[in-house]
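Spelled out, the chains give:
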Amino acid sequence: MKKLLSIVALTALVVGLPSGSFAAAKKDKPAATPAATPAPAATPAPAKPIPLYSEVTTIDTAGRTFTHKNKDGKEVKFVLTATTEVKNGKADAKFEDIKVGDWVSGLRLKKSDTEYEVIKITKFGPKTDTKATGKPAAPGAPATPAPAKKTS
């Protein structure tokens, strides 16, 4: 029995030594392990587009920009790039078709507190009065309906 116990203890010692020496060797070689290699620089996630609906206050066709003045008087600049999609309703359009006073909608990316890059823009034209009928006026129609004449 004493002999069997000695053999088991010796076997356990022999089996346990090599695994401990390999573990120590791995710690000595940090460059060989994939975990020790530096992680690649994280790329920022692409910005999420923000909805756009505003009135064109000023326009610069040469610079492909327009501004909108907020209720608090702060001017916000919108920059169109070469990849910006411009529409007039559902039809294709050009930036030059947009005029001061037109209402536009679309998608934008925030560049700063006062500047946005426009991804997509759709022109709607000047705002019409919807109070009287509940529906926007037809293009070319007066913004407010004429008063009804009394007939006697």
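Scroll up a little and you will see the structure.
Calculation rules
Residues numbered from 1 in each chain as written. Predicted model: local features only at pLDDT ≥ 70, side-chain atom pairs only at ≥ 80, totals over all residues. Heavy atoms only, no water. Helix = DSSP H or I, 4+ residues; strand = E, 2+ residues; numbered from the N terminus. Buried < 20%, exposed > 50% of the residue type's maximum accessible area, 1.4 Å probe, protein only. Contact = heavy atoms within 4.5 Å. Areas by Shrake-Rupley, 256 points an atom, 1.4 Å probe, with all protein chains shown as cover. Core = buried A, V, L, I, M, F, W, Y, C linked by side-chain atoms within 4.5 Å. Salt bridge = Lys/Arg side-chain N within 4 Å of Asp/Glu carboxyl O. Polar contact = N/O pair within 3.5 Å; in protein donor to acceptor, adjacent residues only side chain to side chain.

We now examine the overall build of the protein. Within the protein, the regular secondary structure consists of one helix and seven strands. Sequence-ordered secondary structure for the protein, helices as α and strands as β, is α-β-β-β-β-β-β-β. In the protein, which comprises 152 residues, the share counted as buried stands at 19%. When contacts within the protein are restricted to residue pairs at least 6 apart in sequence, those whose partners lie at least 24 apart make up 52%. For the protein, the accessible surface area stands at approximately 11,800 Å², while carbon and sulfur atoms represent 62% of it.

The subject of this paragraph is the side chain of Ser 105. Among the secondary structure elements, Ser 105 is positioned in strand β6 (residues 102-112). Residue Ser 105 is classed as buried on the basis of its relative accessible area of 17%. Setting aside chain neighbours within four positions, we find Ser 105 in contact with Leu 52, Tyr 53, Lys 120, Ile 121, Thr 122 and Phe 124.

With that settled, consider the nonpolar core. In terms of nonpolar packing, the biggest core is built from 13 residues, with Phe 66, Phe 78, Leu 80, Ile 98, Val 104, Val 118 and Ile 121 touching the most fellow members. At four residues, the largest contribution of residues to this core is made by strand β4 (residues 75-88). Each residue touching Phe 78, except ones within four places of it in the same chain, is listed here: Leu 52, Ser 54, Arg 64, Thr 65, Phe 66, His 68, Arg 108, Tyr 116 and Val 118.

This part takes up the pattern of salt bridges. Pairs can form between side chains of opposite charge once their charged atoms are near each other. Evaluated as defined, the whole model comprises five salt bridges. For Lys 87, the salt bridge identified is with Asp 92, shortest N-O distance 2.7 Å. For Asp 92, a relative accessible area of 65% corresponds to the exposed category. Residue Asp 113 is joined to Lys 110 by a salt bridge in which the shortest nitrogen-to-oxygen separation is 3.4 Å. The exposure class assigned to Asp 113 is exposed, which follows from its relative accessible area of 55%.

This part is about the environment of Lys 123. Along the polypeptide, Lys 123 turns up in strand β7 (residues 115-126). Its relative accessible area of 16% is what places Lys 123 among the buried residues. The contacts of Lys 123, once residues within four sequence positions are left out, are Lys 87, Asn 88, Gly 89, Asp 97, Ile 98, Asp 102, Trp 103 and Val 104. Only 3.0 Å separates the side chain of Lys 123 from the backbone oxygen of Asp 97, close enough to count as a polar contact.

Next up on the list: the environment of Leu 52. Inspection of the secondary structure puts Leu 52 in strand β1 (residues 50-55). On a C-alpha basis, the gap between Leu 52 and Val 104 in space is 7.6 Å, while along the polypeptide they are 52 residues apart. Look past the residues within four positions of Leu 52 in its chain and what remains in contact with it is Phe 78, Val 104, Ser 105, Gly 106, Leu 107, Arg 108 and Val 118.

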